[in-house]
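# Results of the structural survey
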Amino acid sequence: MSRIDRLSALMARFELSVEPCAQDHANLWILGTAEDPHSLLLTRNSAPLAPSQNVLAFARVTWGGDDNPLLSALPGEVHHALAKDPEMKAISALFVAELAANRCGVASVLNRLGEVLIVRLMRAQIEAGSIGSSLLAALADPRLSRAVVAIHDRPDHAWRLESLADEAGLSPSRFSDLFRQKVGQTPLAYLRRWRLILAKQDIARGERIQRVAARYCYGSPEALSRAFTAQFGCAPRSVRSSVQPSVRAAIKNALPDTGPVP
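Thresholds, definitions, all that
Residues numbered from 1 in each chain as written. Predicted model: local features only at pLDDT ≥ 70, side-chain atom pairs only at ≥ 80, totals over all residues. Heavy atoms only, no water. Helix = DSSP H or I, 4+ residues; strand = E, 2+ residues; numbered from the N terminus. Buried < 20%, exposed > 50% of the residue type's maximum accessible area, 1.4 Å probe, protein only. Areas by Shrake-Rupley, 256 points an atom, 1.4 Å probe, with all protein chains shown as cover. Pairing = 2+ DSSP bridges. Axes fitted to C-alpha atoms, helices over the stretch in contact; angles between N-to-C directions. Parallel < 35°, antiparallel > 145°, perpendicular 65-115°, else oblique. Left-handed = near helix turned anticlockwise from the far one by under 90°. Contact = heavy atoms within 4.5 Å. Expected span 1.5 Å × (residues − 1). Polar contact = N/O pair within 3.5 Å; in protein donor to acceptor, adjacent residues only side chain to side chain. Phe/Tyr/Trp six-rings, centres within 6.5 Å; stacked < 30°, edge-to-face > 60°. Lys NZ or Arg CZ within 6 Å of the ring centre and 35° of its normal. Nonpolar A, V, L, I, M, F, W, Y, C, P; charged D, E, K, R; others polar. Lys, Arg positive; Asp, Glu negative; His and termini not counted. Salt bridge = Lys/Arg side-chain N within 4 Å of Asp/Glu carboxyl O.

### Quick look at the overall build of the protein
Across its full length, the protein carries 12 helices and 5 strands. Residue burial in the protein is summarised as follows: out of 262 residues, 40% are buried. Carbon together with sulfur atoms contributes 52% to the accessible area of the protein, which is approximately 14200 Å² in total.

If you want it as structure tokens, here you go:
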């Protein structure tokens, strides 16, 4: 059986962007010397660095919104030493060189290099296993990760505690206890939140609430609306209406100007 991919299904739902920025807005730093970049620092929010730290490059990482579970799963600061990771060191050095050269297409190159750095940084966090109580801790557990990936891959499936426990190869009681210990909430609570995050994305794109409710196993649009309001503090329709003006403008700009409609 092929090894499950613990990150792709989750990351595919959120746009990861790494862009040059002013230093006081940065949350990703490469530290060291030009000849020897020695560490990466990723923080959940932008924060000033101590003057003694030798900063080679910095950028702003965005995760597609605060709803991304990976954002809340990260520690406040993630430090990654490059001395024992030659591949990450080479990518970091290339990032620094591209930023310094500032040639045509630099923004695209930095974004792609930055994405590689972030994905590998997340992978290292999972493999290290020392990440406290969070989604990353569950992904680091070979049993729980199967259930978490199943939730991310198939949010429209009619999951029950027993079927998720089967994915993990554990008894329902043992699975529930271990999941709560690692993630800080029950498996079904995490499933509900993941479905609501996806529902919010779908509704914001203009999908009908009735269709979204059926997709994520809500018995009615009203049931989805109640759960949505409890989770996000606003009604689903307000999410959709907030993006409609920009959507309408984009459609209008894409159409040829044919003059007034007769």
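### Structural notes on the pairing of strand β2 (residues 28-32)
Within β2, 5 of the 5 residues are buried, which leaves the element mostly enclosed by the surrounding structure. What you see with β2 is no split at all: L28, I30 and G32 on one side and W29 and L31 on the other are buried throughout. Here β2 pairs with strand β3 (residues 37-43) via 5 bridges, running antiparallel. The residue bridging W29 from the neighbouring strand is L41, located in β3. Where β2 hands over to β3, the hairpin turn is made up of 4 residues, counted between the paired strands.

### What about the sheet that holds β3?
Read across the sheet, 5 strands follow the order β1-β4-β2-β3-β5 without closing on themselves; strand pairing throughout is antiparallel. Among the strands making up the open sheet, the edge pair consists of β1 (17-19) and β5 (77-81). The mean angle between the axes of side-by-side strands here comes to 25°, regardless of whether they run parallel or antiparallel. Bridge count for β3 against β5 is 5 bridges, and the pairing is antiparallel. Paired with L41 across the two strands is H79, which belongs to β5.

### Section: the packing of helix α6 (residues 144-153) against helix α7 (residues 161-168)
Contact pair α6 / α7: the axes reach a minimum separation of 7 Å and the direction vectors enclose 125°. As far as their axial angle goes, α7 and α6 are oblique. Considering the relative orientation of α6 and α7, their crossing is right-handed. Every residue of α7 that contacts α6 at R146, A147, A150 and I151 is listed here: L164, E167 and A168.

### Overview of helix α8 (residues 172-183)
Given a rise of 1.5 Å per residue, 12 residues ought to cover 16 Å, and the 16 Å separating the end C-alpha atoms of α8 matches this to within 8%. Of the residues one or two after α8, G184 is the one with positive phi, at around 95°.

### Side note on the environment of S238
Position of S238 among the secondary structure elements: in helix α12 (residues 236-254). The partly exposed category is assigned to S238, whose relative accessible area is 32%. Here A235 takes part through its backbone oxygen, which lies 2.6 Å from a polar atom of the side chain of S238.

### Comments concerning the packing of aromatic side chains
For the structure shown, the criterion picks out 4 aromatic pairs. Look at F179 and Y190: their rings are 6.2 Å apart centre to centre, the planes differ by 55°, and that puts the pair in the tilted class. Of this pair, F179 sits in helix α8 while Y190 sits in helix α9 (residues 187-204), and the two are 11 residues apart along the sequence. Cluster of aromatic residues (ring-pair linked, three or more members): F175, F179 and Y190. Just above the ring of F232 sits the side chain of K200; from NZ or CZ to the centre is 4.4 Å.

### Observations regarding the packing of α6 against α8
A pair of packed helices can be characterised by two numbers: the angle between their axes and the separation between those axes. It is at 11 Å that the axes of α6 and α8 come closest, and there the two elements cross at 80°. Classified by the interaxial angle, the pair formed by α6 and α8 is roughly perpendicular. Contact residues: L144, A147 and V148 in α6; F175, L178, F179 and K182 in α8. Counted by class, the contact of α6 with α8 contains 6 nonpolar, no polar and 1 charged residues.

### Here's the deal with unusual backbone geometry
Of note in the backbone geometry, N102 takes a positive phi value of approximately 55° without being a glycine. Mapped onto the elements, N102 comes out in the loop between α3 (86-101) and α4 (106-128). Unusually for a residue other than glycine, C217 sits at a positive phi of about 70°. Along the chain, C217 turns up in the loop between α10 (209-215) and α11 (221-232). Looking at C217, the relative accessible area reads 36%, which means it is partly exposed.

### Here we look at the side chain of R6
Mapped onto the fold, R6 is located in the segment before α1 (8-11). Comment: no salt bridge for buried R6; closest opposite-charge side chain is E127, at 5.0 Å. There is a polar contact of 3.0 Å between the side chain of R6 and the backbone oxygen of L139.

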